[in-house]
Amino acid sequence: MEKTTKSSTANGILKCPTGIRGLDEITLGGLPRGRPTLVCGNAGCGKTLLGMQFLVQGASLYDEPGVCLSFEETAEELAANVTSLGFDLNDLIARNKLAVDYVYIEPSEMEETGEYDLEALFVRLGHAVDSIGAKRVLLDSIEALFAGLSHESVLRAELRRLFRWLKERDLTAVVTGERAGAGLTRHGIEEYISDCVILLDHRVTESVSTRRLRVVKYRGSVHGTNEYPFLIDTDGISVLPVTTLDLKHAALEEQISTGIPALDAMFGGKGVFRGSSVLISGTAGTGKTTLAAHFVDAACARGERCVIYSFEESPDEVVRNMSSIGLDLGRWIKMNLLCFHAARPTSHGLETHLIGLHKMVTEFQPANVVIDPISALLHSGSISETTNMLLRTIDFLKGEHITAVMTALTDPGGAPERTDLGMSSLIDTWVLLRNIESGGERNRGIYILKARGISHSNQIREFVLTDHGIDLREVYVGADGFVTGSARVAQEAKDESEALLIRQNIERRKSSLDNKRKALEAQITALRARVESEEQYAGQLIDQEQLKLKKLEGDRKDIKISRNLKTTPAMEAARGNGGRK
Amino acid sequence: MSTRLNSSNDAGDGAGNDTWELRLYVAGQTPKSLQAFANLKRICEQHIPGTYDIEIIDLLKNPQLARGDQILAIPTLVRKLPAPVRKIIGDLSNTERVLVGLDLRARGKGA
C-alpha cells in the first residue's frame, strides 16, 4: 500500500502504457505501473501475444526493457511466433532490451523430497531483470508450476511472495493464466493479483470468430467496462475502443460534390455536407456502387483521400467495372489517393471488420470512406450487433470529420425506405435508387429520401449509365403519368408526331382556305363577266325593242294618214297611256 | 564459486566412469540448504562411498547458473552422471525417495 501512495498522482495511480492500440484508451493510460496484471482467457485467445506486445512495445517505444519468463515456449519459439507480427525479438535481445528465460519443468525428471522453496526462480528472474535493467515482466504462464510441482501449499506461498517481490521492485508485470471452469484461472491465481484483471475471450458464433477483451477490474482507476472486440493481425493486437456515444460532433458547413452535377443540383446545387453520413440504398442492380464510385472519383479529383471498403467485389473488379462507364479509379490508386480494402463479410467477425476499418482510417487518414455494402455485414453478426457496430463506426467517422458513404441492399419485397438494419436515424443523407418496371423493361430511378440540413429536390429522376458515367434525365411526366426508359422515349416520339400532325393540319387548313378564297374569287370574276355579257345582251335587246317600237309608231301614223282619221283628245289620251306603258 | 567435495580419495579408482557427479544448488546458507547437504552426504556415504563428487552451487553468488540446469526450486540436487540427468528437489529428508530419485533403488519399492 505504501507503493500506492508513493506512485499516486492526481489521477490516482501511475499507468504504464502498453503501446497496444486501443487498450491504453480503455484503461485510460495503460496497466497499473509497478503492479502485476492478470491476463486470462481460454487457450488460443492471445494472452501470450498481449504479454509479448506489452514487452516489445515497452522496449521499443517507451525505453522500458522487459523480461519474459516463459514456462511454455523457448526463446526461439517465441521469437518465431511473433515474427509474423512484425516483432524482432532477437534484435531486442541482442540490444539488451529484452531477456527471455525459458523455465522448463519436467515432472518425470524430478523427484520431490522434503521441504523446498522457489528461490531459484526468484534468483533467475532477479538476475534477468538486473542484467538489462528491466521495468516490465511477463510471466507466461505461471500456472505451469502447478503442473510440475506437487506441493501446492508451497507453490501458493511462493506465488504470493513472487507478486510481492515484483511490487517491491516496482516492476510492471503481466501474468497470464488459462481460464478453466467458473474461475478466471485454473489454479485461482487471481486471488493474488488484485490490481488489474483483463479477460480475453475468443467466441465463435455461427462459424465466425470474434475476439473480445474486457477489463474485469482495475483497482484505483476508472476503466471501460464493456467487452471490446480486438484483432490480431500483422501489427499485433489492436483493440477497438468504442467511443462514447455523446453526439458532440462539430458540424461542417462545407458541401461536397457527389460527382454527378445533376445530383448535386438536386441537393441545392452543392452536394452533401462534409463529414455527414450518406446512405445509398436500393435493390440489386440499381447502381449503388456506381454512384459511390462517382463520389470517390470526384473526391480524388479534389485531391482528397478515400478508402473503399468492399465486401462484394475485389479491387480489380471494381476498377474494371467502373472503367466500363468511364471512371478510371486505377489512377487514383496509383497516386495513393485511393485505398481499397476488400474482404468477404464472413472472413472475419463483424468487429474485426470494423477494427480493420478503424485501423485503416487511422493509418491512411482518408477524407471519405465508402462501405459497400453495409448490408453484407449482416452475414457476420446479428441485426442488433450490426446496427450497434455501424453506429459506432458512423460516430467514429463523424468524429474524424470523414464523409461516410454507405450502400445498402434492400429487399425487393419490402418497402424501399426500409433497410434491414433500421439505421435511418443514423443517416444524414439518404439517396434511394429504385427500379421502375414498366413496358417490359426496368429503368433506374433516383430520389432523395432525406437530406438533413439541405434543401433538396423532391423529384424522382431517371438515371442512365452511359460510357461517361451516370447521367440524370428529366423524368417524363405526361398525361399518362410518369414514364421512363424506352416508354419515355416512345412517349416523347409520340408527342413529337402529334405536334407535327397538328402543325400539318394547320398548314393544310391554311392552304385550303387559300384555295377556297381563290376559287371564290374566280367565281366572282366569272359572275362579273357574266353580268357584263348579260348587260350587253340586255342592251342589244333593248335597242332592238326600241327600234321595233319606233317602227310601230311610224306605221300607225301612216295608217291614220291613209284613213284620214282625226283623233279626238280622249282617244289621244287612251292611246298615249297604253302605248307608254 | 562452487564448492567441490571429492570423496574419491583414491584417485583414478577402478570404478572408472561409475563416478557419481552430483550438483547441489542452494541459495545462501539457509537451514534447508544445510540440511540438504547433510542428508546428501550421509546417503552418499552409505550407498556409494568413495565414488561420488558433490558440487555445491550457490545461486546467490552465481545466479546465471540456474538457467543451465533449469533450476527452479531450492535446494535442488542434480545428478549429472551417470546419465540420464535427474533432479531431486527438497531438503532430501526422505531418504527412500532420494534413493529412488538417484536410481539407487528401483521405483515402486520406496514410500
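The model shown is predicted, which means the values in this text are computed figures rather than measured ones. Along each chain, the written sequence defines residue order, and numbers are assigned to residues from 1. Chains and ligands are labelled sequentially in the order written, the chains with letters from A and the ligands with numbers from 1. For this predicted model, a pLDDT threshold of at least 70 governs which residues receive local features, and a threshold of 80 or more governs which side-chain atom pairs are given and counted, while totals over whole chains, interfaces and linings are taken from all residues.

1. Quick word on the overall build of chain A
Applicable threshold: Here a helix means four or more residues in a row that DSSP labels H or I, a strand means two or more in a row labelled E, and each is numbered from the N terminus. Any residue surrounded by 20 or more other C-beta atoms within 10 Å of its C-beta is treated as buried, while 12 or fewer makes it exposed and the intermediate range makes it partly exposed; C-beta atoms here are placed from the backbone. Residue pairs are scored as contacts if the distance between their C-beta atoms, which are placed from the backbone, is within 7 Å.
A count of helical and extended segments in chain A gives 16 helices and 25 strands. Evaluated residue by residue, chain A yields a buried proportion of 41% over its 581 residues. A separation threshold of at least 6 residues defines the contact pool for chain A, and within that pool the share at least 24 residues apart is 70%.

2. Observations regarding the sheet that holds strand S22 (residues 461-466) of chain A
Residues and elements named next belong to chain A. Put simply, the test is: Only when DSSP finds a minimum of two bridges between them are two strands counted as paired. Every angle, taken between N-to-C directions, lies between 0 and 180 degrees, and every axis is a line fitted to C-alpha atoms, over only the stretch in contact when it is a helix.
Strand order across the open sheet formed by 9 strands is S17-S16-S18-S19-S15-S20-S21-S22-S23, with mixed pairing between neighbours. A single partner strand is all that each edge strand has here, and the edge strands are strand S17 (338-342) and strand S23 (469-473). Pairs of neighbouring strands in the sheet enclose a mean axial angle of 25 degrees, with direction left out of account. By the bridge criterion, 4 bridges tie strand S18 (residues 368-372) to strand S19 (residues 403-409) in an arrangement that is parallel. Along S19, the bridge assignment pairs Ile371 with Met406. Packing of helix H10 (residues 288-301) onto the sheet brings it into contact with strand S15 (277-282), strand S16 (306-310), S17, S18, S19, strand S20 (429-438), S22 and S23, and relative to S18 it is tilted by some 165 degrees.

3. A word on the confidence of the model for chain A
In plain terms, the rule: As a per-residue measure, pLDDT tells how confident the predictor is, with possible values from 0 to 100.
Of the residues in chain A, 89% reach a pLDDT of 70 or more, and the chain-wide mean stands at 83. Across residues 1-10 of chain A, confidence stays below pLDDT 50; counting only partners more than four residues off in sequence or on other chains, it has 10 contacts.

4. A closer look at the sheet that holds strand S5 (residues 98-102) of chain A
Residue and element names in this part refer to chain A. The mixed open sheet is built from 9 strands, whose spatial order is S5-S4-S7-S8-S3-S9-S10-S11-S12. Only two strands of the sheet have a single neighbouring strand rather than two, namely S5 and strand S12 (236-239). Strand-to-strand twist across the sheet, computed as the mean angle between neighbouring axes with direction ignored, equals 20 degrees. With 5 bridges joining them, strand S3 (residues 36-41) and strand S9 (residues 196-205) adopt parallel strand pairing.

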